[in-house]
Amino acid sequence: MKWDLSKKLYEEACQFIPGGVNSPVRSGRAVGVSPIFARTAKGSHLVDADGNQYVDYVGSWGPMIVGHAHPKVVAAVRGAALNGTSYGVPTELEVAMARKVVAMVPSLDMVRMVNSGTEATMSAIRLARAYTGRKQLIKFDGCYHGHGDSLLVKAGSGLATLGIPGSPGVPEELAQYTLSLPYNDLEAVMEVMGRVGEAVAAIIVEPVAANMGVVLPKAEFLPGLRKLCDQYGSLLIFDEVITGFRLARGGAQEVFGLLPDLTCLGKIIGGGLPVGAYGGKRDIMMRMAPLGDVYQAGTLSGNPLAMSAGLATLELLEQDGFYETLEEKAAYLAKGLTQAAAAAGVEVALNRMGSIGCGFFTAEPVSDFASALKSDTQAYALFFQEMLKRGIYLAPSQFEAFFISTAHEQDDLDRTVEAATEALQQIKEKFGAPSRKKR
Ligand SMILES: *Cc1c(COP(=O)(O)O)cnc(C)c1O
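The shown structure was predicted, so the numbers you read here are calculated from the model rather than taken from an experiment. (Residues numbered from 1 in each chain as written. Predicted model: local features only at pLDDT ≥ 70, side-chain atom pairs only at ≥ 80, totals over all residues. Heavy atoms only, no water.)

> Explain the packing of aromatic side chains to me, please; I cannot follow it from the model alone.
Each aromatic ring pair is described using two quantities: the centre-to-centre distance and the angle formed by the ring planes. Overall, the coordinates contain nine aromatic pairs when judged by the stated rule. Taking the centre distance of 6.1 Å and the plane angle of 65° together, the rings of Y54 and Y393 count as edge-to-face. Of this pair, Y54 sits in strand β3 (residues 53-56) while Y393 sits in strand β13 (residues 392-393); the two residues are 339 residues apart in sequence, bridging distant segments of the chain. Exposure class is identical for Y54 and Y393. Each is buried. Feature note: the residues Y54, F384 and Y393 constitute an aromatic cluster, connected by ring pairs. (Phe/Tyr/Trp six-rings, centres within 6.5 Å; stacked < 30°, edge-to-face > 60°. Helix = DSSP H or I, 4+ residues; strand = E, 2+ residues; numbered from the N terminus. Buried < 20%, exposed > 50% of the residue type's maximum accessible area, 1.4 Å probe, protein only.)

> Can you walk me through the site of the ligand in this structure?
Near the ligand, the surroundings consist of S116, G117, T118, Y144, H145, G146, E206, N211, D239, V241, I242 and K267. With respect to the ligand, the side chain of T118 contributes an N or O atom lying 2.6 Å from an oxygen atom. Considering the ligand on its own, with 380 Å² of exposed area, one finds that the protein chains cover 83% of that surface. Considering only residue class, the shell around the ligand consists of three nonpolar, six polar and three charged. (Near = heavy atom within 4 Å. Polar contact = N/O pair within 3.5 Å; in protein donor to acceptor, adjacent residues only side chain to side chain. Areas by Shrake-Rupley, 256 points an atom, 1.4 Å probe, with all protein chains shown as cover. Nonpolar A, V, L, I, M, F, W, Y, C, P; charged D, E, K, R; others polar.)

> Just checking my understanding: could you explain the sheet that holds strand β6 (residues 178-181) for this structure?
Paired through their backbone hydrogen bonds, the strands of a sheet run either parallel or antiparallel. Pairing is mixed in the open sheet, where seven strands are placed in the order β4-β10-β9-β8-β7-β5-β6. Strands at the two margins of the open sheet, each flanked by one partner only, are β4 (110-114) and β6. Neighbour to neighbour, the strand axes of the sheet diverge by 20° on average, direction disregarded. Across the sheet, helix α4 (residues 117-132) lies against β4, β5 (136-140), β7 (200-205), β8 (235-239), β9 (262-266) and β10 (276-280), angled at about 165° from β9, the strand it touches most. Set on the sheet, helix α7 (residues 186-196) makes contact with β5, β6 and β7; between it and β6 the angle comes to about 155°. (Pairing = 2+ DSSP bridges. Axes fitted to C-alpha atoms, helices over the stretch in contact; angles between N-to-C directions. Contact = heavy atoms within 4.5 Å.)

> Would you take a moment to explain the domain arrangement of the protein for this structure?
Reports often express the size of an interface as the amount of accessible area lost when the parts come together. Looking at the protein, the domain boundaries give domain 1 (4-69 + 321-436) and domain 2 (71-317). Measuring from the centre of the C-alpha atoms in domain 1 to the corresponding centre in domain 2 gives 26 Å. Across the contact, 33 residues belong to domain 1 and 37 residues belong to domain 2. For the domain 1 and domain 2 pair, buried surface summed over both sides reaches about 2,800 Å², with 70% attributable to carbon and sulfur atoms. Looking at the side of domain 1 facing domain 2, the largest losses of area belong to Y323, M353 and F369, adding up to 25% of the total buried there. Between the two partners, domain 1 and domain 2, sit zero salt bridges. (Domains from an automatic or database assignment. Buried area = accessible area lost by both parts, 1.4 Å probe. Salt bridge = Lys/Arg side-chain N within 4 Å of Asp/Glu carboxyl O.)

Below you can see the structure in the form of C-alpha cells.
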C-alpha cells in the first residue's frame, strides 16, 4: 500500500490549515501516521486519495449507521438540493423531522434543530442554567460534550488523545462553574451534591461514554443521577450525540428506561450532514426564544439538505430487525477480536454496547477515564498501523469508539478479524504483553 497522494495533500494542508485537519481527531499524530485523505466512500468501504480501499470503522465518527452514500439518503439530498439549498423561512421538512424525533426519543416533547453536537450541548446548558437560575454544572472525566467553553474541562475525544486537560482561552471564571467527577462514581456525585446541590443547574452525562473509548455505565449510576437531580432540583442532561438512534431508536434513554430532562442529539440525526438538536420537556423548552427569554439561533438551522439526509436515515432505522442486525454483526466482530487477542496472548479489555465498542490495550477492566488511561497507547498505535496496512480503518486513537453500520458485510467482519489476528501477533512480538509492562 502506498500513501503518496495522501502525504502530499497533508503537506499542502499543513500550510493552510492548523495541523492539516479541520478537527484534531482526524490527525494521525497519536498513532504515528499522517492522515489518509478520503476520495469516496460507499457502504462500509472508504477509498483514499491513492485508491486504497478500507473497511471503515469510523463512519464519520458515528453518523453513518446505514453505511456511506446509502442510495435513499443520496436521493433525498439530491432531491432537496434541486429545490433550493436554504431559505431562511421554515419548511415542512423541519416539521416532519421534529415530529419524528419527538416520536422516537422517549423524553422529548419539543426539539430545536442546530448545526452540530457542540451547539446542542451549549444550548442545552444555557437553557438549564436559565431554567434553574443556577450556574454550576457537573460533568464526568473523559466525557466529551463538544468544544463549548463550559464543557472543555477534563474532556475526552481529541483532548484525551492529545493529553490536553482543558483549554487555554477558556476563562477560569467560567471553568470554575464546571465540576468534573469520575464516571461511574455515584458516591462522588452524592458527596458533591450534598455540598453544592442547590447551586447545580445540571448534570450532563454521556449515558454510555464513547469519547474515552467506550465505557458502560454501572447499573446504579444513571438511576442514581436521576434521583439526585430530582432531589436537588437540578436538570439531568443526556448527551446522546453518539448513543441517540445508535443503541436503539430512542437512544440510551430507551435502553435504560430513564427519562432525562434535556437530551442532546447529533451525528446520526443528520445522516452525514451537519446537524445537532436538543430537546426535552415542554415547560423547559418553552423558555426558548421567541416563546421565552433564552436566546439561541442559527442561519442554517433546520437546513433542507440536512433535514432530508437525517429524515432518510431515521426512516431506515425503522425497518424491522435493524438493531438486531447491528447487534449480530457487532457481537460477531467482538467475539472474533476477543479470540484473536487470546490467541496472540495480548491482553485487551473489550467494552461494547450494541454497535459501538473499544478494545483497550490493558489487562484491567475499564470503567472510567482513569482506567482507560492505563491502556498502552504505543500498542494501540502499532495495532492501528498494522490494521491500516491490511485495509482496515480504525480511529487513529485508543480513546475513540469503533462504529459498525448495517452496511458491514460478513466478509468485512471476517477480514477484520483475520487482520487483527496478524496485527496482534506483531504486538505480541514487539511488546510482549504490553499491559503488564505498565504495572
Ligand atoms: C461528537 C460529540 C459531540 C460534539 O458534536 P459535534 O457535532 O462534533 O460538535 C458532543 N457530544 C458527544 C457525546 C459527541 O460524541
